[in-house]
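# Understanding the architecture of this molecule
So the chains spell out like this:
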Amino acid sequence: MPTSSDSYRAQAISRAALKFKGAEAEADHELGWVLSGSDVVVEPALAATRFYRHGWQSWSIAGWERLDSPPASIAIPGLHRQADDPALGDRSDHVGSWVGVIEAEDGSAVLLGALGTDAWVSAGDGTLRGVAATEIDWFVAVGSGDEVLNNYGIALAGALGTRRSDPGAVWCTWYSQGRDVDSSSISGLISDVAKLPFDVFLIDDGWEKAIGNWTPNSGFPLGMGPVADEIASNDMRPGLWLAPLAVEVAEVESWRGCLVEDDSGQPVPAGRNWGTEYFAVDVSNKEALHRVIDTLESVVAWGFTYLKLDFLFAGAIPGRRASEEPREQIYRQAFAQIRESLGDDVHLNACGAPVIPSVGVFDSIRVGPDVAPYWESPLYEHVRDYSTPGTRRAIATSLARLWLGGAIQVDPDVVFFRTQQSLLDPAQRQTLQDLASITGFLATSDPPDWLDESQTGALRDFLSQTSEISRLDRYRFRIGEREVDFEPTVNGAFG
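Note that the coordinates shown come from a computational prediction; the quantities given were computed from them, not determined experimentally. Think of each chain on its own: its residues are numbered from 1, step by step along the sequence as written. In keeping with the model being predicted, local features are shown solely for residues with a pLDDT of at least 70 and side-chain atom pairs are shown and tallied solely at 80 or more, while totals for entire chains, interfaces and linings include all residues. Neither water nor hydrogens contribute to the side-chain values; these are computed over all heavy atoms in the structure.

With that settled, the discussion passes to the nonpolar core. By nonpolar core we mean a set of buried residues, namely Ala, Val, Leu, Ile, Met, Phe, Trp, Tyr and Cys, connected to one another through side-chain atoms within 4.5 Å. Each residue's exposure class comes from its accessible area (1.4 Å probe, protein chains only) as a fraction of the maximum for that residue type: buried when under 20%, exposed when over 50%, partly exposed otherwise. Of all hydrophobic cores here, the largest spans 165 residues; its most connected members are Val110, Trp138, Tyr152, Phe201, Ile203, Leu307 and Phe362. Any pair of residues with heavy atoms lying within 4.5 Å of one another is described as a contacting pair. Apart from the residues lying within four places of it in its own chain, the contact partners of Ile203 are Thr173, Ile186, Met224, Val227, Ile231, Gly239, Leu240, Trp241 and Phe304.

This is the structure:
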């Protein structure tokens, strides 16, 4: 990750200018201060005008909002469950999950961030308030907005650990094949993709019998093992997609007693996808967690060692569980056990995942909503669902989470080179490619036979790039000899 040098000239804020309330302990940190408590307030002498809002999971909004304007909100409240933390869905103030930053016009800023799980931070009347389900440590930092976020990423890695791992270049079936995959079509793609310098071949959604029944469907009559062998024989790492904490309606009965429930004992809907509602596995339930582990161990035994685990927020939605521990803590403990069972050689990529509880357990994490072969969803102006697929908001949210790179490999999703079945113009494709270059996570879903000679050449250059990258300010970067400005993309993205 490049270092940051803000365009703002932040004025120094001293420790004497900060007041802490509710903190049961305070200690110096090389990059700031650490507080201890379950409800803490930081009162800086700062005329703040902006708030850094951090969403709950991979697809949730992240970025800077004006404090004198209402926060971005979803027009249809029912969509909030799959877009952000349902526990914060009724809030109308400036609030985000785990971390918040207030920033003045001169660029000086103060950050309050959780060094644990199950926490949120809000801004009001020039203060930052952090509330957690239990007493945890909080990190406080002063400086410029980007500086304090980068320092929080470093402090977070120190508190939760880091497993940052670059998987190499990834080819994924999803953005070209969708769910229309079978052993025959995959075989043809493997041989074509192997002619390009890819390290991972990822089979995304569509191989399974059902969401919650993770066995191969009729499109893979010989199972998934031979497919993994074919990928490996073409010198690529076999990758597979699963949503191991989600269960669709048709599979609920087979998971009865293992799902997150409401107060009446009924399974709690986690969201809607695949043409149906889906429900959440209670990973604090020993039987449920063992089923999840058995599934993932089977997938690894088939030969897949790159696992894209999706819709993971389902495992941390509010609801009744076998354990009364905080829900994000349960999620983190479960994946720590899963990691131990699978071993360190398996790359775990988190998607649709609660962000901070995934740090130190997963190797990489998606940091924005799905990209798409179009710039903006035509439905966005009506529903205002900022988690829905669309390239512009995927870029904006991913940019706002670059600071996570100190603790975990950030995944901004795939890039496009193709013009076939795409509405993106050349400048939009370049912007998406530039973001991938900055993060170092290089992936695409373009079938080689959809690319002409010039597009194939551009893809080869992208996968083998060695350009030096530096950050000039919040939205401007230098990639080799080019200066790249993302501000036009970000401004108004969530308006």
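This part takes up the packing of helix α9 (residues 391-399) against helix α10 (residues 426-439). Angles shown run from 0 to 180 degrees and are taken between the N-to-C directions of axes, each axis being a line fitted to C-alpha atoms and, for helices, limited to the stretch in contact. Numbered from the N terminus, helices here are DSSP runs of H or I no shorter than four residues, and strands are runs of E no shorter than two. Orientation of α9 relative to α10, taken along the N-to-C sense of each, is 25°, at an axis distance of 11 Å. Relative to α10, α9 is oriented roughly parallel. In this structure, α9 meets α10 at a crossing whose hand is left-handed. Facing Thr391, Ile395, Ser398 and Leu399 of α9, the residues of α10 in contact are Thr431, Leu432 and Leu435. For classification, angles of less than 35 degrees are called roughly parallel, those exceeding 145 degrees roughly antiparallel, those between 65 and 115 degrees roughly perpendicular, and all remaining angles oblique. Each crossing gets its hand from how the near helix is turned against the far one by less than a right angle, where anticlockwise is left-handed and clockwise is right-handed.

Note: two strands are recorded as paired if DSSP finds a minimum of 2 bridges between them. Read across the open sheet, the three strands follow the order β24-β25-β26; overall the sheet is antiparallel. Two strands bound the open sheet, and with one partner strand each, they are β24 (469-471) and β26 (482-485). Neighbour to neighbour, the strand axes of the sheet diverge by 20° on average, direction disregarded. Here β24 pairs with strand β25 (residues 476-479) via three bridges, running antiparallel. The partner of Ser470 across the bridge, within β25, is Arg478. Here α10 sits on the sheet in contact with β24, β25 and β26, set at roughly 80° to β25.

For α10, spanning 14 residues, the distance from its first C-alpha to its last is 20 Å, which sits close to the expected 20 Å at 1.5 Å a residue. By the criterion of burial, α10 is predominantly enclosed, with eleven of the 14 residues buried. Within the sequence span of α10, burial applies to Gln428, Arg429, Thr431, Leu432, Gln433, Asp434, Leu435, Ala436, Ser437, Ile438 and Thr439. N or O atoms within 3.5 Å of each other form a polar contact, as long as, within protein, one can give a hydrogen and the other can take it, and as long as residues adjacent in sequence are counted only when both atoms are side-chain atoms. Where α10 begins, the side chain of Asp425 points an oxygen toward the backbone nitrogen of Ala427, at a separation of 3.1 Å. One less than the number of residues in a helix, times 1.5 Å, gives the span that helix is expected to have.

Moving on, we come to the pairing of strand β10 (residues 127-144). Every regular strand shows the same layout, with side chains that alternate between the two sheet faces. Of all 18 residues in β10, 13 are buried; the element is thus mostly enclosed. As paired strands, strand β8 (residues 108-114) and β10 are joined by seven bridges and run antiparallel to one another. In the strand pairing of β10, Leu112 is matched with Val140. Alignment of strand β9 (residues 119-124) against β10, held across six bridges, turns out to be antiparallel. What sits directly across from Trp120, in β10, is Val131. From the end of β9 to the start of β10, which pair antiparallel, there are two residues, and Asp125 there has a positive phi angle of about 55°.

To continue, consider the sheet that holds strand β20 (residues 347-350). Sheet architecture is open: eight strands sit in the order β22-β21-β20-β19-β15-β12-β11-β23, paired in parallel fashion. Either end of the sheet is taken by a strand with one partner, and the two such strands are β22 (409-411) and β23 (443-444). Sheet analysis places strand β21 (residues 364-366) next to β22, joined by three bridges and oriented parallel. Across the sheet, residue Ile365 finds its bridge partner in β22, namely Val410. Relative to the sheet, helix α5 (residues 286-302) contacts β15 (237-242) and β19 (306-309), its axis offset from that of β15 by approximately 155°.

Below, the discussion takes up the environment of Trp120. By the element assignment, Trp120 lies in strand β9. It is 9.7 Å that separates the C-alpha atoms of Trp120 and Gly55, two residues lying 65 residues apart in sequence. Apart from residues lying up to four places away in sequence, Trp120 is in contact with Leu88, Arg91, Val95, Gly96, Ser97, Trp98, Arg129, Gly130, Val131 and Trp138.

Our focus in this paragraph is the pattern of salt bridges. Salt bridges, as used here, are contacts in which a Lys or Arg side-chain nitrogen is within 4 Å of a carboxyl oxygen on Asp or Glu. All told, the structure shown has 30 salt bridges when counted by the stated rule. Close ionic contact of Arg256 with Glu253 constitutes a salt bridge, the shortest N to O distance being 3.2 Å. The exposure class of Arg256 is partly exposed, given its relative accessible area of 43%. The class for Glu253 is exposed, based on a relative accessible area of 58%. For Asp370, the salt bridge goes to Arg366, with nearest N and O atoms at 2.6 Å. Taken individually, Asp370 and Arg366 each receive the classification buried, so the pair is uniform in this respect. Via salt bridges that share partners, Arg50, Arg66, Asp68, Glu103, Glu105, Asp146, Arg471 and Arg474 belong to a single interconnected network.

Attention now moves to the confidence of the model for the protein. In the predicted model, the protein carries a mean pLDDT of 95, and 98% of its residues have values of at least 70. Every residue is assigned a pLDDT by the predictor, reflecting its confidence on a scale from 0 to 100. Across residues 1-10, confidence stays below pLDDT 50; counting only partners more than four residues off in sequence or on other chains, it has 36 contacts.

The next point concerns the packing of aromatic side chains. Two rings from Phe, Tyr or Trp (for Trp, the six-membered ring) form a pair when their centres sit within 6.5 Å of each other. Planes less than 30 degrees apart are called stacked, planes more than 60 degrees apart edge-to-face, and all others tilted. Under the counting rule described, the total for this entry stands at 19 aromatic pairs. Taking 4.6 Å as the distance between ring centres and 45° as the angle between the ring planes, the aromatic pair formed by Trp274 and Phe311 counts as tilted. Remark: Phe311 occurs in the loop between β19 and α6 (327-342) and Trp274 occurs in the loop between β17 (269-273) and β18 (276-280); sequence separation between them is 37 residues. Centroid distance Tyr278 to Phe311: 5.5 Å. Interplanar angle 85°. Geometry classified as edge-to-face. One end of the pair, Tyr278, is in strand β18; the other, Phe311, is in the loop between β19 and α6, with 33 residues separating them in the sequence. For the pair Tyr278 and Phe311, one class covers both residues: buried. By definition, being over a ring means that NZ of Lys or CZ of Arg is both within 6 Å of the ring centre and within 35 degrees of the ring normal. For Arg91, the ring lying beneath its charged end belongs to Trp120, and the centroid distance is 4.4 Å. Over the aromatic face of Trp255 sits the side chain of Arg291, whose NZ or CZ is 3.7 Å from the ring centroid.

On the secondary structure map, Asp118 appears in the loop between β8 and β9. Note on charges: Lys and Arg go in the positive column, Asp and Glu in the negative column, and His and the chain ends are not counted at all. Buried charge without a partner: Asp118 forms no salt bridge, and the closest opposite charge is Arg327, 4.9 Å away. There is a polar contact of 2.7 Å between the side chain of Asp118 and the side chain of Thr117. Looking at Asp118, its side chain comes within polar contact range of the main-chain nitrogen of Arg327, at 3.4 Å. In this structure Asp118 touches Trp98, Val131, Ala132, Ala133, Pro326, Arg327, Glu328 and Gln329, once residues within four positions along its chain are discounted.

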